[in-house]
Amino acid sequence: GRDLVITRSLGLPIEEVWARLTDPHLTASWYGTWEGEAGTGRDIRVQMRFEEGEPWTTMTIDDCTPPLHLGLSTTGQAGGWRLEVSLLDIGAATDLRLVHHLTTTQELAEIPQIGPGWEYYADKFVAACTHTEQPDFADYYPSMAAYYSSRAS
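What comes next concerns the included structure. None of the values given here were measured: they were computed from a predicted structure.

**Brief notes about the overall build of the protein chain**
So, step 1. Scanning the protein chain for helices and strands turns up five helices and seven strands.
So, step 2. Seen in sequence order, the protein chain has helices and strands lined up from the N terminus as β-α-α-β-β-β-β-β-β-α-α-α.
So, step 3. Expected size for 153 residues packed as a compact globule is a radius of gyration near 15 Å; at 15 Å, the protein chain falls within 12% of this value.
So, step 4. If one aligns the C-alpha atoms of the protein chain with their principal axes, the spans along those axes are about 35 × 30 × 30 Å.
So, step 5. Among the 153 residues that make up the protein chain, the fraction classed as buried is 42%.
So, step 6. With an accessible surface of roughly 8000 Å², the protein chain has 53% of that area assigned to carbon and sulfur atoms.
So, step 7. Counting 10 positive and 22 negative side-chain charges, the protein chain places the centres of these two groups 3 Å from one another.

This is how it looks when you write it as structure tokens:
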């Protein structure tokens, strides 16, 4: 398969970035809240607050190595996706690397929507971490769709 990789750099300590990535009260501001008992091998339910209808989806925590790595598998409305977020402490800043493993032909076909969607959520994450204005999805899709379509072929 192929991987969709989105990166961002934040001028914040890694522990602060990790908290924004994993604390259910903090994830609500950029992705959605979640419920369940966290830990590798466990399932949580996530409410996708910025999607139409604010659906709930089940995610399995495949790996949780604080504050460096979070691996998730999703099931439900979005289908089965494999995701990873890695953080790298670079002193006064933290680099974030989001990887969506494109393991099915359906995911590859949907990359013109998936790519702009992850760009949007990555920027929502940065805005939540830095207390700046949240982005508007209309600035990402459909304007970025052609770029991602060309990258998928």
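**Focus on the environment of L70**
So, step 1. Secondary-structure assignment places L70 in strand 5 (residues 69-75).
So, step 2. Taking the C-alpha atoms as reference points, L70 and V85, separated by 15 residues in sequence, lie 5.2 Å from one another.
So, step 3. Those residues in contact with L70 that sit more than four places away from it in its chain are W18, L21, T22, I61, D63, C64, L83, E84 and V85.

**What to know about the packing of aromatic side chains**
So, step 1. Evaluation of the coordinates by the stated rule reveals eleven aromatic pairs.
So, step 2. Summarising the aromatic geometry, the rings of W30 and F125 are spaced 4.8 Å apart at their centres and angled 75 degrees between planes, so their arrangement reads as edge-to-face. On the criterion of sequence distance, the pair formed by W30 in the loop between helix 2 (24-27) and strand 2 (34-35) and F125 in helix 4 (residues 111-130) is long-range, its members being 95 residues apart. Summarising the burial analysis for this pair, W30 and F125 share the class buried.
So, step 3. Between the aromatic rings of Y120 and Y140, the centroid separation amounts to 5.7 Å while the plane-to-plane angle is 70 degrees, which identifies the pairing as edge-to-face. Of the two residues, Y120 is situated in helix 4 and Y140 in the loop between helix 4 and helix 5 (145-152); the sequence distance between them amounts to 20 residues.

**Things to note about the environment of R42**
So, step 1. Among the secondary structure elements, R42 is positioned in the loop between strand 2 and strand 3 (43-47).
So, step 2. When the C-alpha positions of R42 and T57 are compared, they lie 14 Å apart, and in sequence the two are 15 residues distant.
So, step 3. Leave out the neighbours within four places in its chain, and R42 touches E37, M59, T60 and I61.
So, step 4. Polar contacts involving the side chain of R42 include one to the side chain of E37, which spans 2.7 Å.

**Structural notes on the sheet that holds strand 6 (residues 81-89)**
So, step 1. If you walk across this open sheet you meet the seven strands as 1-7-6-5-4-3-2, and the pairing is antiparallel. Of all the strands in the sheet, the pair left with one neighbour each is strand 1 (2-10) and strand 2.
So, step 2. With eight bridges joining them, strand 6 and strand 7 (residues 94-102) adopt antiparallel strand pairing. Counterpart to L88 in the pairing with strand 7 is D95.
So, step 3. Relative to strand 6, helix 1 (residues 14-22) is tilted by about 160 degrees, and along the sheet it contacts strand 1, strand 2, strand 4 (56-65), strand 5, strand 6 and strand 7.

Rules behind the numbers
- Residues numbered from 1 in each chain as written.
- Predicted model: local features only at pLDDT ≥ 70, side-chain atom pairs only at ≥ 80, totals over all residues.
- Heavy atoms only, no water.
- Helix = DSSP H or I, 4+ residues; strand = E, 2+ residues; numbered from the N terminus.
- Rg over C-alpha atoms; globule rule 2.2 N^0.38 Å.
- Buried < 20%, exposed > 50% of the residue type's maximum accessible area, 1.4 Å probe, protein only.
- Areas by Shrake-Rupley, 256 points an atom, 1.4 Å probe, with all protein chains shown as cover.
- Lys, Arg positive; Asp, Glu negative; His and termini not counted.
- Charge placed at Lys NZ, Arg CZ, Asp CG, Glu CD.
- Contact = heavy atoms within 4.5 Å.
- Phe/Tyr/Trp six-rings, centres within 6.5 Å; stacked < 30°, edge-to-face > 60°.
- Polar contact = N/O pair within 3.5 Å; in protein donor to acceptor, adjacent residues only side chain to side chain.
- Pairing = 2+ DSSP bridges.
- Axes fitted to C-alpha atoms, helices over the stretch in contact; angles between N-to-C directions.

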